[in-house]
Amino acid sequence: MRVNNQIIYNQIIESLAKKNVEIYSAHEKLTSLKNINRPSDDVSSYTKAANYKIKLNNVEQFKRNIDLADGMLKFVERQLNDLNDIWDRVNELTIMGINATEDSTSRLAVASELKNIANFMLGIANSKYEGNYIFSGFKSDQAPFSSINSSYNGDSNDILVSIDEASYLVANVTGDKLFLFNGFSSRSLITEDGKHIYYNSQVDGSLNIEIRDTDNTHVIKTINIKSVIDGVDKLAQAFKNNNILETKAIFEIVSFAKNQIIVSQTEVGAKLARLEKQYEKLDETDLIYKKLLSNVQDADIAEVASAIANIQASLEALRLSASKIFSQSLLDFLR
Amino acid sequence: MSILSIFDIGKTALLTNQTAISVTSHNIANVNNPDYSRQEVILGVKAPIKIRGGYLGRGSNVDDIRRSYDKFLTDMLFSQESLLGRSVILKDIISEVEEFFNESNREGLNSVLNNFFNALEDLSINPSDMSKRIVLINRALELVSEFKDMETRLEDILNSVNNEISNAVGKINSISRDIAELNKKINQLEADGVSSANDLRDKRDSLLKELSKYVNINYYESNDKIFYVSVGMRNIVSGGNVSEMKFLKSSQRSVIKVENIDITDRITSGKISGLVTSEDLIKNEFLYKLRKLFGGFANQFNLIHRNGYDLNNNTNVNFFKPLTNIHFEVFSQNGAITSLNINDYNALKFDEYYINIKAGNIYEVVNKYNNQVITSGIYSSGSTISFDGIDVVISGPVADGDSFLISPLKLTIKDAALNIQNPEEIALASNVNSPSDNTNLLNLIDIKENSIGALGNKKIYDFLHDLTSRVGILAASANDNLSFDRTLYNEIFNRKSVVQGVNLDEEAVNLIKYQRAFEAAAKVIQVANELYETLVKLV
C-alpha cells in the first residue's frame, strides 16, 4: 500500500473526530446524569422510561385523589361523630321525658332542648365542605333540608374517586342514608295500654306512624315524619303537648336513626383505613417505578467517569502519535 | 557526430529534468488538494541517429505527463459521495425532528397530556370547583398550543427542506453549466489527440464529485469525445450543452424534472434524495400522526363531553372546537367539489383520502396512507359520496384519471381551539342540577385508558409513544447510516489516495533525483564546453 500524506492526515482527523464524539456523549451523560438523552440513544429504553413516567404521574394523581377523598371523609366522620353523640342525648332526654314521674313543666324543658337539638341536626345535615353541601349527593348546591320539617332535597348518588387503575372509592355519604327512613322496616307494636301503632316507610323516605285505639281499627292519629330531624321536632312537639302516647310512638325512630349513623360511621372508618393502606401501597408502587425508571435512564456516574478517563487517555496518545507523525519528513533530513 | 551533439544531449537532459522538477513541484504544491491526482513524468529516449557502428542516442525527452488515475475508484467515490450526502441530510433533519419529540430533558406532548388529565382528575371530588375548572381550561389551552407548536416546528422544517431542494437544484444546474464549459475547453486542448488536459480533467472530476453530493449521477465519454452526465436516466450535460433540472413544489410531494420528465423516484441518493425522503417522512408520517393524534383525541373528548351536563344544565356542547373545515384538492379539468361536510363525528377517522375516477365512470375512495379502497360506486354528478363520516358531493363531468383529495386531517391542528369559553361550561355531570356529579368527568378521564378507533384502536399514550419510538428508530438508523457511509467514504477515499495521492517523501526523493540529474546534465554541458575549448585552442 502506497501510504501518503492525505491518508495519514485523514486518519488522524477521523480518529480525533471519533474521540471527540465519544467524549461529547460521555460528557452529556455526566451533565444530564442520564444514560438516555434522546429517543435514538435507545428506543426501547426510552419508550419504557416514558411509560414509567406515565405510571409515576398516575400514582402521584391517585395519591392526590386520596388526599382529597381523605379530607372529605374525615370531615364527614366528624359530622357523624357529632350526630352519634346527639342521638345519645335524644335517647336520654326522651327516656327521661317519658318517665311517669315527670310533670308537664319538666317535659316542656325536654321539649325545648329537643327543639334545639333538631336545629343543631339541621345545621349538621346542611354542613358545607369546600362550599358544597356535603350530604346532598350530586345536588351539592342545594341544602339537603331547607327547614327542620322539610323533605330531603338531595339525591342518593355516590361521588366516586379513582384510587388506583382499577378501583373507585365513594368519597361521600348521602343524606338519605342518615336522615331518611328508607331502611326502616314496616312494623306494628302494641303499647302497654293496648294501643296499636303502625309504622310504614314511604317511597319518598318519610315515615307514616298510625296510632290506633285498642280495637285496632279506630285511628287516633296519623303522623307523617319527613326525616329524622322532623322526627325530633315532632317528638319535641309531643312533649310540649304532654302527649306521652305520641312520644312513645315517635321514640321508635331514635334507635333506628342512631343505628344508621353507626353503620355509616363504620363504613367511613373502613374507607379511611383503606385510603391509608392504599396510600402506602401507592408509595411502594411509586418507589418501584422510580427504581425501574432509574434503571433504564440514569447514568452510572462511576462508569461514565471512568469512560471519560479512558477516552482522555486514548485522546492524549492519539495527539502524541499525531505530533510524532507530523514531524517526520524526509525534507527535514535534506540539508 | 560532433561535439555540438553533446551540447544537444546535455540540453535535452537539462530540459527533461527541469520538466520533471516542475511536475514534482506541481505535485508538492497540490499535496493538500483532495481532488488532485498525482502526476508523473514519463521519460522517453530521443530517436537515435545512425552512425557507423550503430545508433547513437540523442538524449531524452518527456513522452507524457501522466495522471495517476483509477476510474473505478473514482466512480466508487462519486457514488459513495452521493450516499454520504443523503445520509448527512437525513441525519440532520431527523435529529432535529427527534429533538421536538424528545422529552428526556424538557416538557412535551406527554407532559401537556398528563397535566390536562391531572387537572381533570383534580376536579373529581369537587367538580364544581371554579378555580380547578379554570386550571383545566388553561391546561387545555396549553395542550392545544403545544400541538400547534409541534406542527409549526415540523412545517418550518418542511419549508426549509423545500428551500434546500430548490437551492440544491439551482446548484446542480450551475455545476452542470461549469462541467459543460470544461467539456468545451478539454475538447479544445485535447484536439491534437495526443495530450491530456490533466488539470482540467481533475477539475471536472472535482465538479462531478460536488455534483454527486447532491444527486447520484452517471457519466461517460463517448468515442467521439463527447462527455455526458446523466441523472435518473436523463442527460443533464451532453458535451457543451446543459438540460436544466427543474423543481416543482407541491402540497403533496416535491417533483424533480429534467426535460419535463419526472425523475424524482429515480434519484436514490445524494442530498436531493435525502431531502425528498425527509419531506415524505415529515408529511406522511410525523405530521400525519401528530394531526391524527390530536384529531382523534379531541374528537373523542368532544363526543363524551357532549353527553354531559355543565353547571348551567346545558348539554350537547363540544369542549374543543369541532372540525368543520375539511381541506380538499381537485385534480380534474371539469369536476368540482360542490359540498363537503361531516355527517357523523363518531365515524370520523382522521385520515386522508383520494376519490379516484376510473374508466367507466366509476369512482373509488382510497385511503391515501394504506391505499385501501374504502368504498366505490358509479359516479353521478351531484350525488353524495359518503365514507368514514364524511359527505362529499362532486359535480360536473369527470374523466378517467381525475382525482380529488379529501383531508379531514390537514387543518385539525391549525383550526384547533377551545369551544367553551367559561369554566362553568365544562360538562362533568351526567344529570341536570348536580354540581357534584362527576360521572361524565370519570368517563372523560377514561379516554386515556381506552383505545380510540380513529387512532387505529390504540390508546392516546400508546399512539404517542409509537410515534416517538418511530422517530427514535429513524434517528438511530440515520446515525448508523451516516457513520457507516462516512467510514466507507474514507475507506474509498484512502484507496483512491493510494493511487492518486501525493506522498511528500516520495516527491522529496524525486526532487533530489531530478536535481542530481540536472546537475549532471549541466556537467555534461560543461564537459562539452571544455572539449570544444580544447579544440578551439588547437587552432
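Here we summarise the structure given alongside this text. (Residues numbered from 1 in each chain as written. Chains lettered and ligands numbered in written order. Predicted model: local features only at pLDDT ≥ 70, side-chain atom pairs only at ≥ 80, totals over all residues. Heavy atoms only, no water.)

## Quick word on the pattern of salt bridges
All names here are of chain A.
Line of reasoning, step 1. Considering all chains together, one arrives at 47 salt bridges over all chains under this definition.
Line of reasoning, step 2. One salt bridge in this structure joins Arg-187 and Glu-252, with 3.2 Å as the shortest N-O distance. Residue Arg-187 is found in strand E5 (residues 187–190), and its partner Glu-252 is found in helix H6 (residues 244–297); the two are separated by 65 residues along the sequence.
Line of reasoning, step 3. With a relative accessible area of 31%, Arg-187 lands in the partly exposed category.
Line of reasoning, step 4. A relative accessible area of 23% means that Glu-252 is categorised as partly exposed. (Salt bridge = Lys/Arg side-chain N within 4 Å of Asp/Glu carboxyl O. Helix = DSSP H or I, 4+ residues; strand = E, 2+ residues; numbered from the N terminus. Buried < 20%, exposed > 50% of the residue type's maximum accessible area, 1.4 Å probe, protein only.)

## Overview of the sheet that holds strand E10 (residues 255–258) of chain B
Residues and elements named next belong to chain B.
Line of reasoning, step 1. What the three strands build is an open sheet, ordered E9-E10-E11; its pairing is antiparallel. Looking along the sheet, the strands with just one partner apiece sit at the ends: strand E9 (245–248) and strand E11 (261–262).
Line of reasoning, step 2. Against the sheet, helix H4 (residues 130–189) touches E9 and E10, its axis set at about 170° to E9. (Pairing = 2+ DSSP bridges. Contact = heavy atoms within 4.5 Å. Axes fitted to C-alpha atoms, helices over the stretch in contact; angles between N-to-C directions.)

## A word on the interface of chain B and chain A
Line of reasoning, step 1. On the chain A side, the residues contacting the 59 residues of chain B number 52 residues.
Line of reasoning, step 2. Of the roughly 4500 Å² buried where chain B meets chain A, counting both sides, 48% is carbon and sulfur surface.
Line of reasoning, step 3. At the boundary of chain B and chain A, one finds three salt bridges.
Line of reasoning, step 4. With a shortest N-O distance of 3.2 Å, Glu99(B) and Arg38(A) are connected by a salt bridge.
Line of reasoning, step 5. Our count for the contact surface shared by chain B and chain A stands at 29 residue pairs in polar contact (both at pLDDT 80 or more).
Line of reasoning, step 6. Breaking the side of chain B that touches chain A down by element, the ones donating at least two residues are helix H2 (71–101), helix H3 (109–122), helix H7 (439–446), helix H8 (460–500) and helix H9 (504–538) of chain B.
Line of reasoning, step 7. Tallying contributions element by element places H8(B) first for the side of chain B that touches chain A, with 16 residues.
Line of reasoning, step 8. Tallied by class, residues from the side of chain B that touches chain A come to 18 nonpolar, 27 polar and 14 charged. (Buried area = accessible area lost by both parts, 1.4 Å probe. Polar contact = N/O pair within 3.5 Å; in protein donor to acceptor, adjacent residues only side chain to side chain. Nonpolar A, V, L, I, M, F, W, Y, C, P; charged D, E, K, R; others polar.)

## Thoughts on the environment of Val393(B)
Residue and element names in this part refer to chain B.
Line of reasoning, step 1. You can see Val-393 is positioned in strand E18 (residues 390–395).
Line of reasoning, step 2. Looking at Val-393, the relative accessible area reads 12%, which means it is buried.
Line of reasoning, step 3. Distance in space between the C-alpha atoms of Val-393 and Pro-127 is 44 Å, their sequence separation being 266 residues.
Line of reasoning, step 4. Filtering out sequence-adjacent residues up to four positions away, Val-393 remains in contact with Ala-336, Ile-337, Thr-338, Ser-339, Gly-382, Ser-383 and Thr-384.

## What to know about unusual backbone geometry
Line of reasoning, step 1. Phi is positive for Glu130(A), close to 50°, though the residue is something other than glycine.
Line of reasoning, step 2. One non-glycine residue with positive phi stands out, namely Lys225(B), at about 65°.
Line of reasoning, step 3. Among the structural elements, Lys225(B) can be located in the loop between strand E5 (218–221) and strand E6 (227–231).
Line of reasoning, step 4. Residue classification places Lys225(B) among the partly exposed positions, given a relative accessible area of 42%.

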